[in-house]
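# Coordinate inspection notes
Here is what each chain is made of, one letter per residue.
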Amino acid sequence: MDLEAVKRKISELSESLHHYNYMYYVKSESIVSDFEFDMLLKELEELESKFPELIDSNSPSKRVGGTVVKHFETVKHRFPMLSLSNSYSKEEIIEWEARIKKTIEHDIEYVCELKYDGVAIGIRYLNGVFHSAVTRGDGSQGELVSSNVKTIKSVPLTLQGEVPSDFEIRGEIFLPLQEFERLNKERAKENLALYANPRNTASGTLKLQDSKVVSKRNLDCYLYGMYEERSSYTSHYQAVLGAGKMGFKVPLPEQRKIEKVKDVEGILAFIDFWDYERKKLPFEIDGIVIKVNAYNQQEELGYTAKSPRWAIAFKFKAERVETKIESVSYQVGRTGAVTPVANLKPVYLGGTTVKRASLHNAEQIEKLGLHENDSVYVEKGGEIIPKIVGVNIAKRIINAQKVVFIGVCPACNERLIREEGEAQHYCKNTTSCPPQLKGKIEHFISRKAMDIDGLGAETIDTLVEKGLIKDISDLYVLEFNQLIDLDRMADKSVNNLLDGITASKLQPFEKVLFGLGIRYVGETVSKKLAKAFKTMDCIVEASYESLVETDEIGEKIARSIREFIEDEKNIILIEKLKHAGLRFEKEEEVRASSILESQTVVISGTFERYSRNEMKQLIEENGGKNGSSISKKTSLLVAGANMGPSKLKKATDLGVEIIDEADFLKKIKHD
Ligand code: IVH
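A brief report on the enclosed structure follows. (Residues numbered from 1 in each chain as written. Predicted model: local features only at pLDDT ≥ 70, side-chain atom pairs only at ≥ 80, totals over all residues. Heavy atoms only, no water.)

## Some thoughts on the nonpolar core
As a rule of thumb, soluble globular proteins bury nonpolar side chains together. Note the following rule: We call a set of buried residues a nonpolar core when its members are Ala, Val, Leu, Ile, Met, Phe, Trp, Tyr or Cys and they connect through side-chain atoms within 4.5 Å of each other. Exposure categories follow from relative accessible area, calculated using a 1.4 Å probe and restricted to protein chains: below 20% of the type maximum is buried, above 50% is exposed, and the middle band is partly exposed. Numbered from the N terminus, helices here are DSSP runs of H or I no shorter than four residues, and strands are runs of E no shorter than two. Contacts are assigned to residue pairs that have any heavy atoms within 4.5 Å of one another.
With 48 residues, the main nonpolar core has Leu475, Tyr476 and Leu529 as its most contacted residues. Every element with two or more residues in this core is listed here: α12 (434-445), α13 (457-465), α15 (491-503), α16 (509-515), α17 (523-533), α18 (536-541), α20 (555-566) and α21 (568-580). If you tally residues by element for this core, the top one is α20, at 5 residues. Ignoring sequence-local partners within four residues, the contact set of Leu529 consists of Leu513, Val521, Lys534, Ile539, Leu547, Ile553 and Ile561. In this structure, Ile121, Ile152, Leu206 and Val240 belong to the second largest nonpolar core, which totals 38 residues.

If you want it as structure tokens, here you go:
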């Protein structure tokens, strides 16, 4: 065979194998025998081994794995991978739907789906072929696990029909129950520890270094969302069904795994149906997801910092077990908050063994009426840490003593304080209480703050215990000789750490501010403060009143900032960090113009030339402020397509200037 003929043969074989795979793993139809399939695959593999230069990275032979990855590369998500807000009762769903109706008055449709209990994945396709697959990670960046995902037979390597040239599809990778049981049977035979539950096993499998092993685990994947710069669809439902046509495994309406409904009754009926039927599914689900269908309505509803307002998860009732409390211990966090923790007689719950449960605060202990050695009910809700939800008083031991909250810090003996209106007790020894200091350092070096790598929790413990770090500024005076003597530190790791510390001096002001760990001053608030006050000196001098006047700074945050600043120790700390060379001033922003200076602009609906986020950026770049709703303060309303009628009416009533996208772009000289 000449090279051209081999190429043709490889392409023919690949096409057939891709198709048989699709029919079997996505459509559940077997159109060739296993033997025939294996013969074709073997033929392809033989050709590929003779002509390695002709191997396509998306060949069906990649399904059996072979790539061994030492370390997964970290990749930034093009679209942040958000999570869903959870609800545990029908009342919460009713409230959510009522909230939606306040913004979207007409023509609402909801899409109800299953909440697959697995691991989230984002897969990018370029020109109809598999390009890369990335795990959720922390939501803004994840791990590149392409070779492992390619072994999942229901994930297409090449797409069918009309497809967008560049898009990402997201879904959930899971381990079918049958596979989970098969795997554990094999492990039992070999006397190996059993896997706890399908979800953790799927997550562990996806991070295996050898894709051959992954291939044998038979993971599966349902897709639930399309992401593109400019969407080819106008609604979620359309996109999911469209993805099905491209060859993806998507939920089918005829199996009621996805359903379009018009009102809350429809949502509740879907929940009831699956609360019962889920037990018959060949994979685990932990709830139902409800999404507003139309993309323009989704945009209108927008997002909170962590999740979209246009979607919600309904979680099925958590499993509940009874066990005994063996003791109560107390943990001190970085802010000095003291949390009581119940140490339990180990009990199996929802796939894992539970040994500890948070008791939250003194009030919770009081509310439960907890006595020593009580028998308690433990539940695993949406949170990873299980909760104690009640006491079985019938089993209480005679003369059992009430659990009394401690009076002094378990770490440094400082008297604990519980302020008016606060549920939590605090240790106010902020500077020398070891767990607080350790927590502060961990926060300061974290990725969203100073982003210093190479300093694990144990090394921090040692540095604090040896007195080498007494506050976060001491990080900047650490020397090679002090670090090299520590456990697990070699020349290279010490140098990397020192380089990381030096590099962190270039972190922008808002990250430094966030890193200081002022209570209630999270990432978003830090950005707002940096933007409004420009320098740390101005924040230090800012009165409570001027703080409260700042965008998104409420009374609680303002009080906390003032409290931080009024503590002289913190001022000394800031001076030391300044001396070390950290940035305490905001860099000047690039400004296109000041055309919108002192104007509050509200955008509504969708736009042709720019996404809503781009429009918001344009407003800021031209000196304007983005407003979220129409009020007396609004100077200008930019009306896009499908704008809500209530917004329009309100703007007209208040006499707000209304312009369309084209005029707006003209106004800022951006056309
Ligand atoms: S939509 C912006 N749909 O649940 C929200 N998520 O906290 C995007 N999940 O990590 C998620 N089934 O992996 C969506 N039908 C479904 C889902 C689903 C499971 C997972 C998802 C995410 C978590 C949400």
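## A closer look at the packing of helix α3 (residues 90-103) against helix α9 (residues 264-277)
Let me state the cut-off plainly: Lines fitted to C-alpha atoms define the axes here, with helix axes fitted over just the stretch in contact, and angles between the N-to-C directions of these axes take values from 0 to 180 degrees. For classification, angles of less than 35 degrees are called roughly parallel, those exceeding 145 degrees roughly antiparallel, those between 65 and 115 degrees roughly perpendicular, and all remaining angles oblique. Handedness of a helix crossing follows the sense of rotation of the near helix relative to the far helix, less than a right angle counterclockwise being left-handed and clockwise being right-handed. Residue polarity is assigned by list, with Asp, Glu, Lys and Arg as charged and Ala, Val, Leu, Ile, Met, Phe, Trp, Tyr, Cys and Pro as nonpolar; anything else, Gly included, falls into the polar class.
Where α3 contacts α9, the two axes come as close as 10 Å, and the packing angle between them is 150°. With respect to α9, the axis of α3 lies roughly antiparallel. Where α3 crosses over α9, the two elements pack in a sense that is right-handed. Touching Lys90, Ile93, Ile94, Trp96 and Glu97 of α3 are Val264, Ile267, Leu268, Ile271 and Asp272, all from α9. Looking at the contact of α3 with α9, its residues break down into 7 nonpolar, no polar and 3 charged.

## Let's talk about the side chain of Lys150
Convention followed: When charges are counted, Lys and Arg contribute as positive and Asp and Glu as negative, whereas His and the chain ends are disregarded. Here, a salt bridge means any Lys or Arg side-chain nitrogen found within 4 Å of an Asp or Glu carboxyl oxygen. Side-chain atoms alone can form a polar contact between residues adjacent in sequence; in general such a contact is a pair of N or O atoms within 3.5 Å, and within protein one must be able to donate a hydrogen while the other accepts it.
For Lys150, the position within the fold is in the loop between α4 (146-149) and β7 (166-174). Buried and without a salt bridge, Lys150 has Asp56 as its closest oppositely charged side chain, separated by 6.6 Å. A distance of 2.5 Å separates the side chain of Lys150 from the backbone oxygen of Ser57, its partner in a polar contact. When near neighbours in sequence (up to four residues on either side) are disregarded, Lys150 contacts Ser57, Asn58, Lys62, Arg63, Phe130 and Leu157.

## Quick word on the state of the cysteines
Using the following cut-off: Disulfide: a pair of cysteine sulfur atoms within 2.5 Å of each other.
Per the stated rule, a full pass over the model turns up 0 disulfides. Not engaged in a disulfide, the cysteine Cys427 finds its nearest cysteine sulfur in Cys412; these two sulfurs lie 3.6 Å apart.

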